[in-house]
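# Working through the structure, step by step
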Amino acid sequence: MRRPRSTIDFKDGWFRALAFAAALCPCVASATLGEPEASVQTDGAKFNASIKVTELPSYRLHEIQMPSGSVLKEFSGADGKVFAVVWSGPRVPNLRQAMGQYFDEYAAATSAAQAARTVHSDHTHLQIRKADLVVQTSGHMRALSGRAYLPQAIPSGVSLGDIH
Amino acid sequence: MSATRTSADLGELGIRRWLAALRLGVCATAWASLLSCGGGDGGSSGLSGGGSGSGSTATTAANVASVVANSGPANNTVNTLYTSVTVCLPGSTSNCQTIDNIQVDTGSYGLRILSSVLTLSLPVASAAVGNSLVECTVFADGYSWGPIAAVDVQIAGETASSVPIQLIGDSRFPTIPADCSASGGSEEDTVTAFGANGILGIGVFKQDCGSDCVATVEPASYYGCSSTQCVGTTVPLANQVQNPVALFATDNNGTIIDLPSVAEEGAATLTGSLIFGIDTESNNVSGSETVLTVDPSSGYLTASFNGDPAALSQSFIDSGSNGIYFTDADIPVCTDTDYSGFYCPATSLDLTVTLQGVNSVTSTVDFTVDNAETLGNTNPTFTVFPTLAGTNPVADSFDFGLAFYYGRRVATALEDETTSVGTGPYVAF
């Protein structure tokens, strides 16, 4: 099936070249939540993973296949910034890498929740909902999924249902 | 870490008021048994709502452990199942400790015990890469860190020798590798944070990691640690944390969790049976149940809900989940932030979901969703809620938690093990 053509004006032909190279090269991976997708480049080989880039009408999807068998997807908007990351598979990827500056906020909120045992009361689910950050995880051992997104940075035309 | 954030910060699935009521109510009152305040491991009458009732005859059998759903050792859980486990130094019958409030979890694999409740002094296993073998166990809600040690395990009359287990939060290994916390989020190495004295992972797999960790150094997994630093390591299958059931001398091909049904409004506690083996004894014979095989890598099966033909491909049956978790945008979520993330329908909803195994066998399940706020506020000391349901963070998933087990006899067959009705990994009910 023909993929929908992007309506985003990518002024940066440099990025297209990078994305194309990334699609071929198994050594480049990952942008970081809240940061420009150029962090694909600076993050470099930290995940030691292969990446596929797909352009959709309202966002760009970076699909990163981890050596562990897990998949990390990163969603970037017209402004070139990553507004969501989604993961699934046998092992949770390095979320500090994937969430960047938001990781500490996520970890602190989770710790507070565990100390109080109020946000959740099982090991199978977690939802952190803050004004600037939503983190939702689910799953059992050997099969874990989750997503983190910046609710105020989701581009128009993108629904939460797209972030999966 | 203190809970200084507002409930809005903390977001969904908050049941603060509910749990506060539990703490004030259950423990402060002269509760007839120790169950709800963390001291007991069985013996309460619970409710008998017309379930299969096998417990009455089976509790004395060597392959049957008593299980109870209550608020746990930290008095802070609902719909969570516990049992007792005895661990001994390998080869010893005197250096043993019986630990209660061990969560029974078909969503994980292997026995893990909080170091803080362990009085035995256990030598730590060695890592292939050198030094001590220590593990980062990543759950959906956080991670647990601690070394691996071999123990003899006894549950009911079943025994397994030299079983590698994890000692969570062991002070001998205080340094947590950066990639462990980076994948796991936050540490849950205390009884309060963990909600149990330990966890008995009796899901379909025999090891916690499996072949992945034999061939490759997986991030946030196993490490060889000195007292000050850790290096990732591969681990042979036999040295990984093992599902103890697979190592039992008998009755080692799977388990059956048998719980009575519960009145719709719930119950204070519920007792039932954890039966070891399938078709190995007179009390675990397969009958006309539906056998749904699950994915041999992930443990997933699929579900179809609300007539939506799109299969929910990341679905699972899990005694370690405390509700029924699924996505239905038409059901209102609770507005009280103490219950946010749970469903709060205006009236009781009778719903239907169809499960499908990897073997293409299907089973249709009826279930009820009640208003979580009403449930909790009406009976604040209850810990058993058969109609508690919440939003699933993963849209492609339907999670059949412990509430699914109430009033059922649910068999879990281990991978590659055969019963009279099939070969695992499967779930049957």
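Residues numbered from 1 in each chain as written. Chains lettered and ligands numbered in written order. Predicted model: local features only at pLDDT ≥ 70, side-chain atom pairs only at ≥ 80, totals over all residues. Heavy atoms only, no water.

In terms of helices and strands, chain A carries four helices and seven strands. What you see in chain A, going N to C, is helices and strands ordered as α-α-β-β-β-β-α-α-β-β-β. When each of the 164 residues of chain A is scored for burial, the buried share is 62%. Restricting the contact set of chain A to residue pairs at least 6 apart, pairs at least 24 apart contribute 44%. Summing over all exposed atoms, chain A offers an accessible surface of approximately 6,400 Å²; the carbon and sulfur share of this is 54%. (Helix = DSSP H or I, 4+ residues; strand = E, 2+ residues; numbered from the N terminus. Buried < 20%, exposed > 50% of the residue type's maximum accessible area, 1.4 Å probe, protein only. Contact = heavy atoms within 4.5 Å. Areas by Shrake-Rupley, 256 points an atom, 1.4 Å probe, with all protein chains shown as cover.)

This part is about the interface of chain A and chain B. At the junction of the two partners, chain A supplies 47 residues and chain B supplies 72 residues. Between chain A and chain B, the buried area comes to about 4,800 Å², and carbon and sulfur atoms account for 51% of it. Looking at the side of chain A facing chain B, the largest losses of area belong to His123(A), Met141(A) and Arg142(A), adding up to 19% of the total buried there. At the junction of chain A and chain B, the tally comes to 24 residue pairs in polar contact (both at pLDDT 80 or more). Where the side of chain A that touches chain B is concerned, the elements lending two or more residues are helix H3 (95-99), helix H4 (103-116), strand E5 (125-129), strand E6 (134-140) and strand E7 (143-149) of chain A. Sorting elements by how many residues they give to the side of chain A that touches chain B places H4(A) first, with twelve residues. (Buried area = accessible area lost by both parts, 1.4 Å probe. Polar contact = N/O pair within 3.5 Å; in protein donor to acceptor, adjacent residues only side chain to side chain.)

Joining two cysteines, a disulfide is a covalent bond between their sulfur atoms. Residue and element names in this part refer to chain B. Here the structure, examined in full by the defined rule, presents five disulfides over all chains. One disulfide bridge connects Cys225 with Cys230, the sulfur atoms lying 2.1 Å from each other. Taking the torsion about the sulfur-sulfur bond, which here is approximately 110 degrees, the covalent link between Cys225 and Cys230 counts as right-handed. For Cys230, a relative accessible area of 23% translates into the label partly exposed. (Disulfide = S-S within 2.5 Å.)

Once that is clear, we can look at the pattern of salt bridges. Residues and elements named next belong to chain A. Applying the stated rule across the entire model yields ten salt bridges over all chains. Close ionic contact of Arg96 with Asp104 constitutes a salt bridge, the shortest N to O distance being 3.2 Å. Judged by relative accessible area, which is 47%, Asp104 ranks as partly exposed. One network of salt bridges, with partners in common, ties together Glu37, Glu55 and Arg60. (Salt bridge = Lys/Arg side-chain N within 4 Å of Asp/Glu carboxyl O.)

Right, let's get into the sheet that holds strand E14 (residues 301-305) of chain B. All names here are of chain B. Pairing is mixed in the open sheet, where seven strands are placed in the order E18-E17-E14-E15-E20-E16-E19. Where the open sheet ends on each side, the last strands, each with one partner, are strand E18 (362-369) and strand E19 (389-391). The pairing of E14 with strand E15 (residues 312-317) spans two bridges and is antiparallel. Pairing of Ala303 across the sheet is with Leu312, part of E15. (Pairing = 2+ DSSP bridges.)

On to the sheet that holds E7(A), then. Residues and elements named next belong to chain A. Read from one edge to the other, the open sheet built from seven strands follows the order E1-E2-E3-E4-E7-E6-E5, with strand pairing classed as antiparallel. Only two strands of the sheet have a single partner each, and these edge strands are strand E1 (50-55) and E5. The average angle at which neighbouring strand axes cross in this sheet is 10 degrees, direction not considered. Judged from the five bridges that link them, E5 and E6 form a sheet pairing that is antiparallel. Across the sheet, Leu126 pairs through a bridge with Thr137, a residue of E6. (Axes fitted to C-alpha atoms, helices over the stretch in contact; angles between N-to-C directions.)

This part covers the confidence of the model for chain B. Residue and element names in this part refer to chain B. Here chain B averages 87 in pLDDT, and 86% of its residues register 70 or above. Considering only residues more than four positions removed or in separate chains, one finds that residues 1-14, a stretch of pLDDT under 50, has 50 contacts. Residue range residues 20-59 is modelled with pLDDT below 50. Its contacts to residues more than four positions away, or to other chains, number 84 contacts. Interface confidence for the predicted complex, expressed as ipTM, amounts to 0.85; the pTM equals 0.86. (pLDDT = per-residue confidence, 0-100.)

Within the largest apolar cluster, 77 residues are counted, with the highest numbers of intra-cluster contacts made by Phe326(B) and Phe398(B). With five residues, the top contributor of residues to this core is strand E7 (residues 158-168) of chain B. In this structure, Ile51(A), Val85(A), Cys136(B) and Ala140(B) belong to the second largest nonpolar core, which totals 36 residues. (Core = buried A, V, L, I, M, F, W, Y, C linked by side-chain atoms within 4.5 Å.)

Residues and elements named next belong to chain A. Scored by pLDDT, chain A comes out at a mean of 78, with 71% of its residues at no less than 70. Of all helices and strands in chain A, the one with the weakest mean pLDDT is helix H1 (residues 13-24) (41), whereas E7 scores best (96). This model gives residues 1-29 a pLDDT under 50, and the stretch forms 47 contacts once residues within four places in sequence are excluded.

Residues and elements named next belong to chain B. Residue position: Asn283 is located in the loop between strand E12 (270-276) and strand E13 (291-293). For Asn283, a relative accessible area of 17% puts it in the buried group. A C-alpha to C-alpha distance of 30 Å links Asn283 and Ser297, two positions 14 residues apart in sequence.

Positionally, Val369(B) belongs in strand E18. Excluding residues within four positions of it along the chain, Val369(B) makes contact with Phe326(B), Tyr343(B), Pro345(B), Thr347(B), Ser348(B), Leu349(B), Leu351(B), Thr387(B) and Ala389(B).

Turning next to the pairing of E12(B). All names here are of chain B. When you tally the buried positions in E12, you get seven out of seven residues, the bulk of the element. Pairing of strand E1 (residues 64-69) with E12 involves six bridges; the strand directions are antiparallel. Residue pairing for E12: Val64 is matched across the bridge by Ile275. Two strands pair when backbone bridges link them, and strand E11 (residues 254-258) and E12 are joined in this way by four bridges, in the antiparallel orientation.

Right, let's talk about the packing of aromatic side chains for a bit. Each aromatic ring pair is described using two quantities: the centre-to-centre distance and the angle formed by the ring planes. Per the stated rule, a full pass over the model turns up 22 aromatic pairs over all chains. Between Phe139(B) and Phe194(B) the ring centres are 5.8 Å apart and the planes differ by 75 degrees, which places this aromatic pair in the edge-to-face class. Within this pair, whereas Phe139(B) is found in strand E5 (residues 132-139), its partner Phe194(B) is found in helix H5 (residues 191-194), the two being separated by 55 residues in sequence. Look at Phe367(B) and Phe398(B): their rings are 5.7 Å apart centre to centre, the planes differ by 85 degrees, and that puts the pair in the edge-to-face class. In this pair, Phe367(B) is assigned in strand E18 and Phe398(B) in the loop between E19 and strand E20 (399-400), connecting sequence segments 31 residues apart. Here Phe367(B) and Phe398(B) have matching classes, each one buried. Three or more aromatic residues link up through ring pairs in this structure, and these residues are Phe305(B), Phe326(B), Tyr343(B), Phe367(B), Phe398(B), Phe400(B), Phe404(B), Tyr405(B) and Phe429(B). Positioned above the aromatic ring of Tyr109(B) is the side chain of Arg142(A), whose terminal nitrogen or guanidinium carbon lies 5.7 Å from the ring centre. (Phe/Tyr/Trp six-rings, centres within 6.5 Å; stacked < 30°, edge-to-face > 60°. Lys NZ or Arg CZ within 6 Å of the ring centre and 35° of its normal.)

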